[in-house]
Amino acid sequence: MQGTAVLITGATGGIGGACAQTFADAGATVYLTDVDDDAGRTRADTLGPNAHYHHLDVTDETDWNAITSVMSDNGHGLDVLVNSAGAAIKATLADTTLAQFRRMVDLNLIGTFLGLKAAARCMRDGGAIINLSSLRGVVATAELGAYGASKFGVRALTKVAALELAPRNIRVNAVCPGSIDTPITAHPDFADDDTQAYVRSIPLQRRGTPDEVASVVKFLASRDSSYMTGSDLLVDGGTAAGVRTPKKHERENN
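The rules we used
Residues numbered from 1 in each chain as written. Predicted model: local features only at pLDDT ≥ 70, side-chain atom pairs only at ≥ 80, totals over all residues. Heavy atoms only, no water. UniProt positions renumbered as here; feature names shortened; annotations may be inferred. Helix = DSSP H or I, 4+ residues; strand = E, 2+ residues; numbered from the N terminus. Rg over C-alpha atoms; globule rule 2.2 N^0.38 Å. Buried < 20%, exposed > 50% of the residue type's maximum accessible area, 1.4 Å probe, protein only. Contact = heavy atoms within 4.5 Å. Areas by Shrake-Rupley, 256 points an atom, 1.4 Å probe, with all protein chains shown as cover. Lys, Arg positive; Asp, Glu negative; His and termini not counted. Charge placed at Lys NZ, Arg CZ, Asp CG, Glu CD. Disulfide = S-S within 2.5 Å. Axes fitted to C-alpha atoms, helices over the stretch in contact; angles between N-to-C directions. Parallel < 35°, antiparallel > 145°, perpendicular 65-115°, else oblique. Left-handed = near helix turned anticlockwise from the far one by under 90°. Nonpolar A, V, L, I, M, F, W, Y, C, P; charged D, E, K, R; others polar. Pairing = 2+ DSSP bridges. Right-handed = clockwise from strand over helix to strand, strands pointing away.

Per an unreviewed UniProt entry, the protein chain goes by 3-alpha-hydroxysteroid dehydrogenase and derives from Rhodococcoides trifolii. Its UniProt record gives the protein chain a comment under Sequence similarities (unreviewed entry), which states: "Belongs to the short-chain dehydrogenases/reductases (SDR) family."

Visitor: I'd love a proper account of the overall build of the protein chain, names of residues and values included.
Guide: Within the protein chain, the secondary structure is distributed over eight helices and seven strands. Since a compact globule built from 254 residues should have a radius of gyration of about 18 Å, the 18 Å found for the protein chain is in line with a globular shape. Across its three principal axes, the protein chain shows a C-alpha extent of roughly 60 × 40 × 40 Å. Out of the 254 residues belonging to the protein chain, those deemed buried represent 45%. A fraction of 70% describes how many contacts in the protein chain between residues 6 or more apart in sequence connect residues 24 or more apart. About 12,300 Å² of surface is accessible on the protein chain, with carbon and sulfur atoms providing 52% of the total. Charged side chains of the protein chain number 23 positive and 29 negative; the gap between the two group centres comes to 7 Å.

Visitor: Would you mind going over the state of the cysteines in detail, with residue names and values included?
Guide: Under the defined criterion, the tally for this structure stands at zero disulfides. With no disulfide of its own, Cys 122 lies closest to Cys 19 among cysteine sulfurs, the gap being 19 Å. Judged by relative accessible area, Cys 122 falls into the partly exposed class, the value being 27%. The structure places no disulfide on Cys 176, whose sulfur is separated from the nearest cysteine sulfur, that of Cys 19, by 14 Å. A residue is classified by how much of its surface remains accessible, and Cys 176, at 0% relative accessible area, is buried.

Visitor: Got a sec to walk through the packing of helix 4 (residues 98-122) against helix 5 (residues 145-165)? Specific residues and values, please.
Guide: Taken N-terminus to C-terminus, the directions of helix 4 and helix 5 make an angle of 15 degrees; their axes are 8 Å apart at the nearest point. By the angle between their axes, helix 4 is roughly parallel relative to helix 5. Seen along the crossing, helix 4 lies across helix 5 with a hand that is right-handed. Residue-level contacts link Phe 101, Met 104, Val 105, Asn 108, Leu 109, Thr 112, Phe 113, Leu 116 and Ala 120 of helix 4 to Gly 145, Ala 146, Tyr 147, Ala 149, Ser 150, Lys 151, Gly 153, Val 154, Leu 157, Ala 161 and Leu 165 of helix 5. For the contact of helix 4 with helix 5, the class distribution of residues is 14 nonpolar, five polar and one charged.

Visitor: Please provide a residue-by-residue account of the sheet that holds strand 7 (residues 232-235), values included.
Guide: Pairing is parallel in the open sheet, where seven strands are placed in the order 3-2-1-4-5-6-7. What marks the edges here is a single partner per strand, and that holds for strand 3 (51-55) and strand 7. The mean angle between the axes of side-by-side strands here comes to 20 degrees, regardless of whether they run parallel or antiparallel. The pairing of strand 6 (residues 171-177) with strand 7 spans four bridges and is parallel. In the sheet register, Ala 174 faces strand 7, and the bridge partner there is Asp 232. Contacts between helix 5 and the sheet are confined to strand 5 (123-132), strand 6 and strand 7, with strand 6 contributing the most and set at about 160 degrees to the helix.

Visitor: An account of the UniProt feature "domain: Ketoreductase" (unreviewed entry) in the protein chain is needed here, citing residue identities and associated values.
Guide: According to UniProt, the "domain: Ketoreductase" (unreviewed entry) feature falls on residues 4-169. The span residues 4-169 is 49% helix and 19% strand, and its two end C-alpha atoms sit 16 Å from each other.

Visitor: Could you give an account of the pairing of strand 1 (residues 5-8), with specific residues and numbers?
Guide: A regular strand places its side chains on the two faces of the sheet in alternate fashion. What you see with strand 1 is no split at all: Ala 5 and Leu 7 on one side and Val 6 and Ile 8 on the other are buried throughout. When strand 1 meets strand 2 (residues 29-34), the two strands line up parallel, connected through four bridges. Counterpart to Ile 8 in the pairing with strand 2 is Leu 32. Between the parallel pair strand 1 and strand 2, the chain is carried across by helix 1 (residues 14-25), and the sense of this crossover is right-handed.

Visitor: Could you give an account of the environment of Ala 88, naming the residues involved and the relevant values?
Guide: Secondary-structure assignment places Ala 88 in the loop between strand 4 (78-83) and helix 4. Under the relative-accessibility criterion, Ala 88 is labelled buried at 13%. For Ala 88 and Gly 145, which are 57 residues apart along the polypeptide, the C-alpha to C-alpha distance reads 9.9 Å.

Here's what the structure looks like:
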């Protein structure tokens, strides 16, 4: 992907960081963005001279305008946008505050909307946008109402953007990760979950890795997916395919 300029939001996170590494390894010029400036600069430094860090609050349209201006000033047109910034809270609807719900919508959905809007304005024709939705944006899950609602919305925006940007040959797709080993699931909200039982219910019998998601993101950014737009790609170990009953020997082996 030499000669390709890639902008990644949430680049200090598990999946965003893996995407940054994957694109840098492929020879792209990578713009890492986040609100954790120290972690962002450190990560960019490890990726070499073709990696640049800039502060970006995805909920702030002014920040979006600033980062696209920086890329232009550096002589880099926007070729690939990876909307990876996001967060999750786990609570029943009854226990979710209005502020918490709005925060999920702001970060996960409005942040994606502003990224799409910025890309529509300045992305070069023939570019690619990859939005990070979630398995929870495909299959409803109890106690993840705010998160799921925002991620269902990401899929809807993906399809609308794919239709609107198709005349410019800009492809827009969504990746829907299932259970991925990232810091999000280490949050205290998830402490009461029976993780081992959940993993046994996954057909592939394990959680995914950020690198496995990043590989799919890179595929959607590459010419190998040149006839794909408006799609949702599940990276979930088979969870959405249906239901399987965990076996006793699997519990004993784990």
